[in-house]
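Residues per chain are reported as follows:
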Amino acid sequence: MRRFYRHGFTLVELLVVIAIIGVLVGLLLPAVQMAREAARRAACANNLKQLAAATIQFETAKKQMPGYQESFGTGDGSQKVGSWVIALLPFIEQQPLRDNWDDPSTNTAWATTAAPASYNPASSGANAANFYPNIGTLICNSDNGNDDEVLGQNSYVCNAGFVPVFSGSQGAALGYTGALADQFKKAQKKQNGLFLNKAAGTFDAVSTRISNDAIRDGSSQTIAFSENLQADSWAYVTSDDSSRGVYDGSAKWHVGMVWLYRLQNPADSTRPSAVADNTQPVNLFNGLGLSAPKGTFESARPSSGHTNVINTAFMDGSVKALSDKIPYHVYQALMTPQTKQSDVPNTLYLLKQDDYE
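Below: a short report on this structure. None of the values given here were measured: they were computed from a predicted structure. (Residues numbered from 1 in each chain as written. Predicted model: local features only at pLDDT ≥ 70, side-chain atom pairs only at ≥ 80, totals over all residues. Heavy atoms only, no water.)

Considering the overall build of the protein
Helix and strand content of the protein: 8 helices and 8 strands. Expressed as lengths along the three principal axes of its C-alpha atoms, the size of the protein is roughly 110 × 55 × 35 Å. By the burial criterion, 52% of the 357 residues in the protein qualify as buried. Across the protein, the fraction of contacts at a sequence separation of at least 24, relative to all contacts at a separation of at least 6, is 65%. Surface accessibility of the protein: about 16000 Å² in total, with carbon and sulfur atoms responsible for 55%. Of the charged side chains in the protein, 28 are positive and 31 negative, and the gap between their average positions amounts to 6 Å. (Helix = DSSP H or I, 4+ residues; strand = E, 2+ residues; numbered from the N terminus. Buried < 20%, exposed > 50% of the residue type's maximum accessible area, 1.4 Å probe, protein only. Contact = heavy atoms within 4.5 Å. Areas by Shrake-Rupley, 256 points an atom, 1.4 Å probe, with all protein chains shown as cover. Lys, Arg positive; Asp, Glu negative; His and termini not counted. Charge placed at Lys NZ, Arg CZ, Asp CG, Glu CD.)

Listed below in structure tokens is the structure:
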């Protein structure tokens, strides 16, 4: 008697196999995504480590910290104004680009055909690529905030210190009175932060020099750089053009991070409670995520696309993954090289290692 053998699968068997494959894929995808994010986070930490090392080398060579914006190519009496990135270019293997910035013969052309609109709105931008190329060291692959930037993409901000924004009575209690520019200049003292405005002739420019000697609280407890989802292009600088009425320190919070005179709990202040101010949600680490406004002093603080942590570089060259639950007074202490002599509300707070590690 001839026997017949069935080949292939029944419909039920096929559906069972598909279901099993679906379950396996569902289990594998999160693991793959976690591995990819771990790789992106490690690459981001390496970027910050290079920036911290470059800053240390800069300070060793120049005996001062870079500015959050500075003047370059000033041989003919005019200037190009660039962010802290330009100052560090020779130390992140970008010497040819720095040579372009140092060449005084291109000053006038830069102002009219390459300068960002924040400096000269009449600039055509035709030669911007010669001054603001994208540099891998400045880009975190988990940062989705670069989508609106074509050139000069940037994920990182420097420690630009204190922004004195408070009511008249609060400012007076801290000695901040008079013209706004004078208040901003006073805020740039060595106890309050590391990167200053060194672009001659611009709003609140100072001649103060900050070196490692100013870091009294310890280089391992003083932030140099952090990620920020609201970081602007490193092309951003400000001018002091009276014809346009442009008088502001906005570069400080476009390419830097700042701290404000605020606390999550004003009762913790060592100063009169009348001058302590509550933080806003946007002020906190990862505050409001990508929905936070870009280019404001409120959102100029650490934030990242990494889950629950922000990569942050310190002045000893280390990089730490800080929790996004860090209280604001801890952030202020980490930002100030000399907390006790700074303008923070709680000048007596002593950092503990488990505050941020």
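Structure shown, so let's carry the discussion forward.
Focus: the sheet that holds strand E7 (residues 309–314)
One open sheet holds the 5 strands; their spatial order is E6-E3-E5-E7-E8, and the pairing between them is mixed. The outermost strands of the open sheet, each flanked by one partner alone, are strand E6 (256–259) and strand E8 (319–323). For this sheet, the mean angle separating the axes of adjacent strands, direction not counted, is 35 degrees. Relative to E7, strand E5 (residues 223–227) is paired through 3 bridges, and the arrangement is antiparallel. Directly across from Ser226, in E7, lies its bridge partner Thr312. Each of strand E3 (156–162), E5, E6, E7 and E8 is contacted by helix H8 (residues 328–335), which is oriented at about 120 degrees to E6, the strand it contacts most. (Pairing = 2+ DSSP bridges. Axes fitted to C-alpha atoms, helices over the stretch in contact; angles between N-to-C directions.)

Quick notes on H8
For H8, the buried fraction is high: 7 of the 8 residues fall into the buried class. Taken residue by residue, H8 has Tyr328, Val330, Tyr331, Gln332, Ala333, Leu334 and Met335 as its buried positions. Each element contacted by the buried residues of H8 is listed here: E3, E5, E6, E7 and E8.

With respect to the environment of Gly75
Secondary-structure assignment places Gly75 in the loop between strand E1 (67–72) and strand E2 (80–83). For the pair formed by Gly75 and Gln95, sequence separation is 20 residues and the distance between their alpha carbons is 19 Å.

Topic: the sheet that holds E1
On the basis of which strands lie adjacent, the open sheet formed by 3 strands has the order E2-E1-E4 and mixed pairing. Where the open sheet ends on each side, the last strands, each with one partner, are E2 and strand E4 (196–198). The sheet shows a mean angle of 15 degrees between the axes of neighbouring strands, direction not considered. As defined by bridge partners, E1 adjoins E4 across 3 bridges and the pair is classed as parallel. Note that in E4 the partner of Gly67 across the bridge is Leu196.

What about the nonpolar core?
Trp84, Trp101, Trp110 and Phe225 are the most contacted members of the largest nonpolar core, which totals 85 residues. The residues touching Trp84, leaving out its near neighbours within four places in the chain, are Leu51, Gly67, Tyr68, Leu138, Asn154, Tyr156, Val157, Cys158, Phe195, Phe225 and Val255. (Core = buried A, V, L, I, M, F, W, Y, C linked by side-chain atoms within 4.5 Å.)

Some points on the side chain of Arg301
Looking at where Arg301 falls in the secondary structure, it is placed in the loop between E6 and E7. Despite its burial, Arg301 remains without a salt bridge, the nearest opposite charge being carried by Glu298 at 8.6 Å. Within the structure, the side chain of Arg301 is placed 2.8 Å from the backbone oxygen of Val282, a separation counted as a polar contact. If sequence neighbours within four positions are ignored, Arg301 has contacts with Glu227, Asn228, Gln230, Met257, Val282, Asn283, Leu284, Gly287, Ala292 and Tyr331. (Salt bridge = Lys/Arg side-chain N within 4 Å of Asp/Glu carboxyl O. Polar contact = N/O pair within 3.5 Å; in protein donor to acceptor, adjacent residues only side chain to side chain.)

A word on the pattern of salt bridges
Per the counting criterion, the structure on display carries 6 salt bridges. Across the pair Arg262 and Glu298 runs a salt bridge, and its minimum N-O distance is 2.7 Å. Placement of the pair is Arg262 in the loop between E6 and E7 and Glu298 in the loop between E6 and E7, with a sequence separation of 36 residues. Looking at Glu298, the relative accessible area reads 21%, which means it is partly exposed. Put simply, Asp355 and Lys352 hold a salt bridge, and the shortest N to O gap is 3.8 Å. Owing to a relative accessible area of 17%, Asp355 belongs among the buried residues under this scheme. Accessibility expressed as a relative area gives 41% for Lys352, which makes it partly exposed.

Regarding the packing of aromatic side chains
One pass over the structure, following the stated rule, counts 20 aromatic pairs. Of the aromatic side chains, those joined through ring pairs into one cluster are Phe72, Trp101, Trp110, Tyr119, Phe131, Tyr132 and Trp234. Directly above the aromatic system of Phe314 lies the positively charged group of Lys320, at a separation of 4.2 Å from the ring centroid. (Phe/Tyr/Trp six-rings, centres within 6.5 Å; stacked < 30°, edge-to-face > 60°. Lys NZ or Arg CZ within 6 Å of the ring centre and 35° of its normal.)

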